[in-house]
Amino acid sequence: MPADADVLFDASHAVRLRDLWKSFGPVEAVQGIDLTIQSGEIVAFLGPNGAGKSTTIDMILGLSVPTSGDVEVFGVAPRTAVRCGLVAAVMQTGGLLKDLTVAETARYTASVFAHSKPVEEVLERAGIADIADRRVGKCSGGEQQRLRFAMALLSDPELLLLDEPTSGMDVEGRRNFWATIRQDAAEGRTIMFATHYLEEADAYADRIVLISHGRIVADGTAAQIKSLTTGRTIRATWPGADLAELESLAGEGNVEVRGDTVLIRTHDSDAMARHLLTETPARDIEITARALEDAFVALTSGTNPGGEE
Amino acid sequence: MSSPTSATRDLGSRRPPRLGGFTTVVLGIEVRRLLRNRRTLIFTMVLPVVFFLIFGLNDAYADAAAGSGNVSAFIMISMALYGAVLATTSGGAMVSIERAQGWSRQLRLTPLSPLAYVITKMLTAMVLGFASVAAVYGAGLLSGKPAMPVGIWIATFLCAWIGSLVFAAFGLFMGYLLPTENVMQILSFALMLFAFSGGLFIPLSQMNDVFQAIAHFSPLYGLNVIVHAPLTGEGLDGWAFVNVVTWLGIFVAGAVWRLREDTARP
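Residues numbered from 1 in each chain as written. Chains lettered and ligands numbered in written order. Predicted model: local features only at pLDDT ≥ 70, side-chain atom pairs only at ≥ 80, totals over all residues. Heavy atoms only, no water.

1. Quick word on the interface of chain A and chain B
Rules: Contact between two residues is taken to exist if any of their heavy atoms lie within 4.5 Å; hydrogens are not considered. Buried area, as used here, totals the accessible surface that two parts lose on assembly, with accessibility defined by a 1.4 Å probe and the loss added over both. For salt bridges, the criterion is a side-chain nitrogen of Lys or Arg within 4 Å of an Asp or Glu carboxyl oxygen. What qualifies as a polar contact is a pair of N or O atoms within 3.5 Å, subject to a donor-acceptor requirement within protein and to the restriction that residues adjacent in sequence count only when both atoms come from side chains. Strands here mean DSSP runs of E at least two residues long; helices mean DSSP runs of H or I at least four residues long; both are numbered from the N terminus. Basically, the charged four are Asp, Glu, Lys and Arg, the nonpolar ten are Ala, Val, Leu, Ile, Met, Phe, Trp, Tyr, Cys and Pro, and anything else, Gly included, counts as polar.
Between chain A and chain B, the contact holds 56 residues from the first and 38 residues from the second. Regarding the contact of chain A and chain B, the summed buried area is about 4500 Å², with carbon and sulfur atoms giving 53% of it. Contact with chain B buries surface across chain A, with Leu63, Tyr108 and Val112 of chain A losing the most and accounting together for 16% of the total. For the pair chain A and chain B, the number of links is 5 salt bridges. Put simply, Arg14 of chain B and Glu158 of chain A hold a salt bridge, and the shortest N to O gap is 3.5 Å. On inspection of chain A and its partner chain B, the count reaches 15 residue pairs in polar contact (both at pLDDT 80 or more). Residue assignment for the side of chain A that touches chain B shows that the elements contributing at least two residues are helix H1 (53-60), helix H2 (78-83), helix H3 (102-111) and helix H6 (171-185) of chain A. Ranked by residue count, the leading element in the side of chain A that touches chain B is H3 of chain A, at 5 residues. Here the side of chain A that touches chain B is composed, by residue class, of 24 nonpolar, 14 polar and 18 charged.

2. Brief notes about the packing of helix H7 (residues 114-143) of chain B against helix H9 (residues 165-177) of chain B
Residue and element names in this part refer to chain B. Selection criterion: Fitting a line to C-alpha atoms yields each axis, with helices limited to the stretch in contact; the angle taken between N-to-C directions then spans 0 to 180 degrees. Convention used here: angles under 35 degrees read as roughly parallel, angles over 145 as roughly antiparallel, angles from 65 to 115 as roughly perpendicular, and any remaining angle as oblique. By the definition used in this description, the sense in which the near helix is turned from the far one sets the handedness, with an anticlockwise turn below a right angle giving left-handed and a clockwise turn giving right-handed.
The interhelical angle for the contact between H7 and H9, taken along N-to-C directions, is 120°, at an axis separation of 9 Å. Between H7 and H9, the crossing angle belongs to the class labelled oblique. Crossing handedness for the pair H7 and H9: right-handed. On H9, the residues touching Tyr117, Val118, Lys121, Met122, Ala125 and Met126 of H7 are Leu165, Ala168, Ala169, Leu172 and Tyr176.

3. Considering the nonpolar core
We apply this condition: We call a set of buried Ala, Val, Leu, Ile, Met, Phe, Trp, Tyr and Cys residues a nonpolar core when their side-chain atoms join them within 4.5 Å. In this scheme, a residue with accessible area under 20% of its type's maximum is buried, one over 50% is exposed, and one in between is partly exposed, where area comes from a 1.4 Å probe on protein chains only.
Membership of the largest hydrophobic core comes to 115 residues, with the highest contact counts inside it found for Leu123 and Phe193 of chain A together with Tyr137, Met148, Phe167, Phe170 and Leu220 of chain B. A per-element tally of this core places helix H4 (residues 71-93) of chain B first, with 12 residues. Excluding residues within four positions of it along the chain, Phe193 of chain A makes contact with Ile42, Val43, Ala44, Phe45, Leu162, Trp178, Glu200, Ala201, Tyr204 and Ala205 of chain A. In terms of nonpolar packing, the next biggest core, distinct from the first, is built from 36 residues, Leu17, Leu20, Val87 and Val209 of chain A among them.

4. Focus: the sheet that holds strand E8 (residues 207-212) of chain A
Residue and element names in this part refer to chain A. Stated formally: Should DSSP find at least two bridges between two strands, the strands are regarded as paired.
Strand order in the open sheet formed by 6 strands is E5-E6-E7-E3-E8-E9, with mixed pairing between adjacent strands. The open sheet has two free edges, formed respectively by strand E5 (87-90) and strand E9 (215-221), since each of these has just one partner strand. In this sheet, adjacent strand axes meet at a mean angle of 15° when their direction is disregarded. With 5 bridges joining them, strand E3 (residues 42-46) and strand E7 (residues 190-195) adopt parallel strand pairing. Across the sheet, the residue bridging to Phe45 is Ala194, located in E7. Contacts from H1 reach E3, strand E6 (159-163), E7 and E8, with the element oriented near 150° to E6. Against the sheet, helix H5 (residues 141-153) contacts E5 and E6, and its axis sits at roughly 180° relative to E5.

5. Re H5 of chain A
The condition is simple: Each helix should span, by expectation, one fewer than its residue count multiplied by 1.5 Å.
End to end, H5 of chain A covers 19 Å across 13 residues, agreeing with the expected 18 Å (1.5 Å per residue, within 8%). Regarding H5 of chain A, the residues found buried are Gln144, Gln145, Arg146, Leu147, Arg148, Phe149, Ala150, Met151, Ala152 and Leu153 of chain A. Where H5 of chain A is buried, its residues meet E5, H3, helix H4 (119-125), E6 and H6 of chain A together with helix H6 (103-107) of chain B.

6. Some points on the domain arrangement of chain A
What counts, and what does not: Segmentation into domains, and thus their bounds, comes from an automatic or database assignment.
When cut into domains, chain A gives domain 1 (13-227) and domain 2 (231-289). Taking only C-alpha atoms, the centre of domain 1 of chain A and the centre of domain 2 of chain A are 44 Å apart.

7. Here's the deal with the packing of aromatic side chains
Here the distance between the centres and the angle between the planes together describe a pair of aromatic rings. Test applied: For this analysis, a ring pair means two rings from Phe, Tyr or Trp (six-membered ring only for Trp) whose centres lie within 6.5 Å, classed as stacked if their planes differ by under 30 degrees, edge-to-face if by over 60, and tilted for the remaining angles. Geometrically, a charge over a ring is one whose NZ (Lys) or CZ (Arg) sits within 6 Å of the ring centre while staying within 35 degrees of the ring normal.
Throughout the structure, instances matching the rule amount to 21 aromatic pairs over all chains. With 5.4 Å between their ring centres and 90° between their planes, Tyr108 of chain A and Trp103 of chain B make a pair best called edge-to-face. On the criterion of chain membership, the pair formed by Tyr108 of chain A in helix H3 and Trp103 of chain B in helix H6 is interchain, its members lying in two chains. Residue Tyr108 of chain A is classed as buried on the basis of its relative accessible area, which comes to 1%. Aromatic rings pair up to connect Phe149, Phe177, Trp178, Phe193 and Tyr204 of chain A into one cluster. It is Arg258 of chain B that lies over the ring of Trp257 of chain B; its NZ or CZ is 4.7 Å from the centre.

8. Brief notes about the layout of surface pockets
Rolling a probe over the atoms, with the probe sized like a water molecule, indicates the empty space that remains. Residue and element names in this part refer to chain B. Under the convention used in this document: Detection works on a 1 Å grid of protein atoms alone, calling trapped sets that fit a 1.4 Å probe cavities and calling open sets with protein on both sides within 12 Å along at least five of seven lines pockets, with lining residues defined by an atom within 4 Å of a point. Grid points are joined across faces, edges and corners, and a volume is the space filled by probe spheres set on the points.
For the largest pocket, the calculated volume is near 710 Å³. Lining the largest pocket are 29 residues, with Phe74, Gly199, Ile202, Pro203 and Asn224 positioned closest to its centre. Looking at which element gives the most residues to the lining of the largest pocket, the answer is helix H12 (residues 221-232), with 6 residues. Among the residues forming the lining of the largest pocket, the class breakdown is 17 nonpolar, 10 polar and 2 charged.

9. Structural notes on unusual backbone geometry
Most peptide bonds are trans, and most residues other than glycine sit at a negative phi. Residue and element names in this part refer to chain A. For Glu164, which is not glycine, the phi torsion reads 45° and is therefore positive. Relative to the helices and strands, Glu164 resides in the loop between E6 and H6. Here Asp284, not a glycine, exhibits a phi torsion of approximately 50°, which is positive.

Now the structure itself:
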């Protein structure tokens, strides 16, 4: 551990994951993730619980070692990046000593870095300067989360990882928290956050990486992800429906027959409705927009609309 | 707002901290934390004093010579060592509470090296060790029974206190290894066992040969010999030092190893 050796960083790539795998016994939590995050990006890591988000974040932080594959943070090993104060994280629970005060916790954390920002300034920024002398155990969940955020900011990290940062916060707390993060990101810090709230990813990220069953199932701007999730569902009554005909129009997998009812998911609901009304005996046609949450489930529930494999 | 601007941010100045992140700021906060915990402080001071009052105040002991002092002094030193060991072990074992709160995982997100942290915690536990030795020696002075030259009062005090460092490391190792709920029960039992097998409660000369041979490997054997050496005036056998240094190495290495591995989510 040569403490003063110069480390050569790659300033343009905050995170680089190459064919990353992680298994816990027979469970394959992460199954071949390739991902590059450029410096300055705000990336949402979106997926249901158990998708592999936290496992991947732990590997980026050097808290766990990949079964195979490679992790680089600014071109160096995660542990080196942590020691140099380049990367910090806000975890969803734990990680605080209840018997310390807010200010003590911050001074403690600041002192172990080679360079850190003034404690008062960071507490001010995180909105907890007024409770600096309060014991951590007496702070509310939201205040504790702000303290975790302050601790992460002390080393002025280039990359900030947030793991489900607002779980357990009320709507007001969540909005305030994101306002602070947003303000912080304006300085060019790279931010990656894991969430299972679609609205959060949509509202605060420039890029959304959708993960399911340990794989990336979609990766793009919020608008691109939304276009994957738009589309409508047509419901019609059609006894003895011609499945083959419908599938040739809507594509395989998008047509479902339940008794006399057919359900069709399509991006062009107008054309499909016109066809049903003019060319087939279908009747009682209803057209509904797919809720974002439905689409999210569709995108992350095993079948991949992108069609790889 | 989010256009890549970091290329202009200078990463060249980023360096790991010196000494693995060891600082007096952390040490100071850790000591203050410990002193806030009055119950532990009092407990570690009261128990060895009570033991000394029970076992060390016999009038016959005050008349019987032991080296350059009397038997009462000999027993006071034994109890001070036992108290110091009990205190530093409990001080170290408090990390099991931190571990349950996810603090060791949090520390892995900072440059603080496990060794620097283990050393900080050992030094912190030494505050409890000091309180314990001071309490027993204070009781000894007040009782007027133990007698030995002033220099030996000081020398044995320092030996007992500094020697208990080994058990600060023991407490840390066990605090990281054992389940939080019953770590202190297990450790109190283990210390009692070490105290008997190391000859602290009953002189080894009263035990059979096999037991005496085994005793040389007990973690308290070496310390027991060293703390009494200034009083008894017996030459130090090298084995006592080997015993102390080896156990210290094992406990520190064990604590560092467990802390390094302790990255599980709380």
